[in-house]
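Tertiary structure, described
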Amino acid sequence: MSASELSPSEPPAPPPLPDTADVNLLAALIARGENASSKRSSNTVLLITIALFVGLGGFYWGWHMVLYLLVAIALHEIGHVIAMRAFGYKNVRMLFIPLFGGLATGEPRESDAAKNAMVALAGPAFGLVTAAAAIALAYTLGSPPMLVEFAWISLLLNAFNLLPLVPLDGGQVANDTLFSRYPVLELIFRLLAVAALGWLAFALQAWVLALLPVFLLISTPLAYRRACLIRDARLDPSWQTRHLDLEAAAMLRAIVATLFKSVAPSAYEKKLPEHAHGLWMDIRKRFPGPGRTTALLAAYLTLCLIVVPVIAMLLVVGFESPVFAQ
Ligand SMILES: [Zn+2]
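Scoring rules and cut-offs
Residues numbered from 1 in each chain as written. Predicted model: local features only at pLDDT ≥ 70, side-chain atom pairs only at ≥ 80, totals over all residues. Helix = DSSP H or I, 4+ residues; strand = E, 2+ residues; numbered from the N terminus. Contact = placed C-beta atoms within 7 Å. Core = buried A, V, L, I, M, F, W, Y, C linked by C-beta atoms within 7 Å. Buried ≥ 20, exposed ≤ 12 C-beta atoms within 10 Å, placed from the backbone. Pairing = 2+ DSSP bridges. Expected span 1.5 Å × (residues − 1). Arc of directions from axis to C-beta.

A few words now on the overall build of the protein chain. A count of helices and strands for the protein chain gives 13 helices and two strands. Here the C-alpha coordinates of the protein chain stretch approximately 100 × 40 × 35 Å along the principal axes. In the protein chain, once contacts between residues fewer than 6 apart in sequence are set aside, the share between residues at least 24 apart is 68%.

Before going further, it helps to examine the nonpolar core. The biggest cluster of nonpolar side chains holds 45 residues, and the ones touching the most others in it are A72, L121 and A151. Mapped onto this core, the elements with two or more residues apiece are α4 (63–86), β1 (90–97), α5 (113–140), α6 (145–161), α7 (169–179) and α13 (290–318). Apart from residues no more than four positions distant in its own chain, A72 is found in contact with G127, F150, I153, S154 and L157. Core analysis: the second largest hydrophobic core is formed by 14 residues, L26, L29, A248 and A276 among them.

Our next topic: the environment of M146. Counting through the fold element by element, M146 comes out in helix α6. Along the primary structure M146 and E274 are separated by 128 residues, whereas in three dimensions their C-alpha atoms are 44 Å apart.

Our focus in this paragraph is the pairing of strand β2 (residues 101–107). Each regular strand carries side chains that alternate between the two faces of the sheet. Pairing analysis gives six bridges linking β1 to β2, with the strands arranged antiparallel. Along β2, the bridge assignment pairs K90 with E107. Count of turn residues in the β1/β2 antiparallel hairpin: three residues, of which L99 carries a positive phi of about 65 degrees.

Mapped onto the fold, W63 is located in helix α4. With 12 C-beta atoms counted inside 10 Å, the residue W63 sits in the exposed group. Between the C-alpha atom of W63 and that of A249, which follows or precedes it by 186 residues, the distance is 51 Å.

On to unusual backbone geometry, then. Residues V166 and P167 are joined by a peptide bond in cis, for which omega reads 5 degrees. Positionally, P167 belongs in the loop between α6 and α7. In this structure, N91 is a non-glycine residue whose phi angle is positive, near 50 degrees. For N91, a count of 14 C-beta atoms within 10 Å corresponds to the partly exposed category. At Q205, a residue that is not glycine, the phi angle is positive and equals roughly 50 degrees.

Another point: helix α10 (residues 220–234). The first and last C-alpha atoms of α10 sit 21 Å apart over 15 residues, in line with the 21 Å expected at 1.5 Å per residue. Of all the residues in α10, the buried ones are R226, A227 and I230. The buried residues of α10 occupy an angular sector of 100 degrees when the element is viewed end-on, so they sit on one face.

Function cannot be read off these values alone, since they describe shape.
Right, here's the structure in full:
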């Protein structure tokens, strides 16, 4: 042993001080993980969006139609909300988008593609169950037009949402089970959805619907770059066991900077914690194995190929076609 090893003449150099940006980001990421839901504001948003949905929808579509849609959309979204609550999602919220539809949002505690797919399936599943219940009630009550019309609207709404096109529920199921682990497949699936939704909007002359493929297309380059960065990060298996610490914050900040390298930092810095948190969740996302993938796709196909046609047949055979009086 040499003398220098026994009695070091200099104390070891202190580790370099962490960048304050990483310290701030870590604090923000931890806060995001712990924040409680603000129930009051979410109820206010829900009530305001219901009022706008009914007001604008009643003006354009007629009052009968908007009330059927309101109930059918609410039941569909409640299906998503029940599943999110069951899986322990945080900040579960529901709102209406005037002239468009509804939205249920929530933040999962862990990123699990199978759970995402189940949440996506739960909306149409619950919506179709309530449409079937309306049909059963209509049979026993002597076919009141209100229930038959509601069942039709609910059937069409839920069948539309089952189309295998992102961002519809059917598209999310297909993406979470099959495509989202491969950026190129996800990109192709997304572009097919843009084309199909664009064609659908044109065929139905539904110009509000045309906004969907436009937004989808505009956000595609960023989504693809992000998916590639996530795939590259997933090649490092230590991400799966890593704790949310300063090193992780620094790495996430670097990935966000790469993602937005073509724009000035001031353009994304405000939303840095949001982007970093999204990456943190998606890099660590778990995907279902062959068994669970098959089960999820079987559930999806059962809804599309059995439940929807059976409800349509019950309506066609059991009742006169509705007039949808305004
Ligand atoms: Zn839905």
